[in-house]
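# Structural characterization, general
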Amino acid sequence: NAGVTQTPKFRVLKTGQSMTLLCAQDMNHEYMYWYRQDPGMGLRLIHYSVGEGTTAKGEVPDGYNVSRLKKQNFLLGLESAAPSQTSVYFCASSYPRLAYYNEQFFGPGTRLTVL
Amino acid sequence: AQSVTQPDIHITVSEGASLELRCNYSYGATPYLFWYVQSPGQGLQLLLKYFSGDTLVQGIKGFEAEFKRSQSSFNLRKPSVHWSDAAEYFCAVVLPSGGSYIPTFGRGTSLIVHP
């Protein structure tokens, strides 16, 4: 099992450009999440999905869109990148139906720089 | 609103010394509790978790944590720190009631280990 993978690992954008970050998991997890991590701010939830075809806003959703067309994939889009979106982005998945499986599994992260 | 507090932004210890990282939460009910570790440049990895039962839980890498309901705390401990334990540590809680299993993270504690 590959677990949770993220593509790409690094990206540099110019202000106003768009891009999509791809997250894939092979554990058949229902829930998927996108976080951003900034120094001193911990992990902040951008969007999440509780199942295929569903998405919901997290703590900091502005400037981002997501889609969950397939259960194993969760895409994060930036339509018009801004320097404030320079961050490290983490994807995670979990299977919350049974309490024992409530832990999250994280991808390795995508480091995004917006100039 | 629910919240998770990690009061210490940075903690410095000498190799071989004992360690305690603090985590407090504010919820009406007992949540599920987790500690994750993030090594530099990597994603988060689960150290240990508490759902119910014995309030002292053992995790990987020699870590343990104790749930204290009266103090709303879930502090992480290790009796003897190794240089490889230098990392960022995150406490997270999940409130299982209401069908929502979206975790809330603390802001993290950075552990520095001196030789």
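Scroll up to find the structure this text is about.
The following refers to the structure shown. (Residues numbered from 1 in each chain as written. Chains lettered and ligands numbered in written order. Predicted model: local features only at pLDDT ≥ 70, side-chain atom pairs only at ≥ 80, totals over all residues. Heavy atoms only, no water.)

With that settled, consider the layout of surface pockets. Of the pockets and cavities examined, the largest pocket occupies roughly 580 Å³. Lining of the largest pocket is provided by 29 residues; of these, Gln37, Val88, Phe90 and Arg111 of chain A together with Gln38 of chain B occupy positions nearest its centre. Residue assignment for the lining of the largest pocket shows that the elements contributing at least two residues are β4 (31–38), β9 (87–94) and β11 (110–114) of chain A together with β10 (87–94) of chain B. No other element matches β10 of chain B, which puts three residues into the lining of the largest pocket. Residue classes in the lining of the largest pocket are distributed as 11 nonpolar, 13 polar and five charged. Reported here for the second largest pocket is a volume of approximately 290 Å³. Elements that contribute at least two residues to the lining of the second largest pocket include exactly β5 (42–49) of chain A together with β11 (104–105) of chain B. A per-class count over the lining of the second largest pocket returns nine nonpolar, three polar and four charged. (1 Å grid on protein atoms, 1.4 Å probe; cavity = no way out; pocket = protein on both sides within 12 Å on 5 of 7 lines; lining within 4 Å. Points joined across faces, edges and corners; volume = space filled by probe spheres on them. Helix = DSSP H or I, 4+ residues; strand = E, 2+ residues; numbered from the N terminus. Nonpolar A, V, L, I, M, F, W, Y, C, P; charged D, E, K, R; others polar.)

Inspection of the entire model under this criterion finds two disulfides over all chains. At a sulfur-sulfur separation of 1.8 Å, the disulfide partner of Cys23 of chain A is Cys91 of chain A. Torsion about the S-S bond of the Cys23 of chain A and Cys91 of chain A cystine: about -75°, corresponding to left-handed handedness. Residue Cys23 of chain A is located in strand β3 (residues 19–25), and its partner Cys91 of chain A is located in strand β9; the two are separated by 68 residues in the primary sequence. Classification of Cys23 of chain A by relative accessible area gives buried; the value is 0%. Residue classification places Cys91 of chain A among the buried residues on the basis of a relative accessible area of 0%. Covalent S-S linkage joins Cys23 of chain B and Cys91 of chain B, the inter-sulfur distance amounting to 1.9 Å. Handedness here is read from the sign of the S-S torsion; for Cys23 of chain B and Cys91 of chain B, about -65°, the answer is left-handed. Here Cys91 of chain B lies in strand β10 and Cys23 of chain B lies in the loop between β3 (19–21) and β4 (24–26), a separation of 68 residues in the sequence. Accessibility expressed as a relative area gives 0% for Cys91 of chain B, which makes it buried. (Disulfide = S-S within 2.5 Å. Buried < 20%, exposed > 50% of the residue type's maximum accessible area, 1.4 Å probe, protein only.)

Our focus in this paragraph is the packing of aromatic side chains. For the structure shown, the criterion picks out 15 aromatic pairs over all chains. Ring geometry for Tyr35 of chain A versus Phe105 of chain B: centroids 5.5 Å apart, planes at 85°, classification edge-to-face. One end of the pair, Tyr35 of chain A, is in strand β4; the other, Phe105 of chain B, is in strand β11, on a second chain. Considered together, Tyr35 of chain A and Phe105 of chain B belong to a single accessibility category, that of buried residues. The interplanar angle of 45° and the centroid separation of 5.8 Å between the aromatic rings of Tyr36 of chain B and Phe105 of chain B together place this pair among those described as tilted. Of the two residues, Tyr36 of chain B sits in strand β5 (residues 32–38) while Phe105 of chain B sits in strand β11, which places them 69 residues apart along the sequence. Pairwise contacts between aromatic rings join Tyr31, Tyr33, Tyr35 and Phe106 of chain A together with Tyr32, Phe34, Tyr36, Phe51 and Phe105 of chain B into one cluster. (Phe/Tyr/Trp six-rings, centres within 6.5 Å; stacked < 30°, edge-to-face > 60°.)

Okay, the sheet that holds strand β7 (residues 65–67) of chain A next. Residue and element names in this part refer to chain A. Ordered in space as β1-β3-β8-β7, the four strands form an open sheet in which the pairing is antiparallel. The open sheet has two edge strands with one neighbour each: β1 (4–7) and β7. Each strand of the sheet is rotated relative to its neighbour by a mean of 20°, with strand direction disregarded. (Pairing = 2+ DSSP bridges. Axes fitted to C-alpha atoms, helices over the stretch in contact; angles between N-to-C directions.)

Turning our eyes to something else, we now look at the interface of chain A and chain B. Interface size, as often reported, equals the accessible area lost upon joining of the parts. Each partner contributes to the interface: chain A provides 20 residues, whereas chain B provides 20 residues. Of the roughly 1,700 Å² buried between chain A and chain B on both sides combined, carbon and sulfur atoms contribute 59%. Considering only the side of chain A, the residues that lose the most area to chain B are Leu43, Asn102 and Glu103 of chain A, jointly responsible for 27% of the buried surface there. The interface formed by chain A and chain B contains one salt bridge. Note that Lys49 of chain B is salt-bridged to Glu103 of chain A, the shortest N-O span being 2.5 Å. Here the residues of the side of chain A that touches chain B sort into 13 nonpolar, six polar and one charged. (Contact = heavy atoms within 4.5 Å. Buried area = accessible area lost by both parts, 1.4 Å probe. Salt bridge = Lys/Arg side-chain N within 4 Å of Asp/Glu carboxyl O.)

By themselves, these are just geometric observations and shouldn't be taken as functional.
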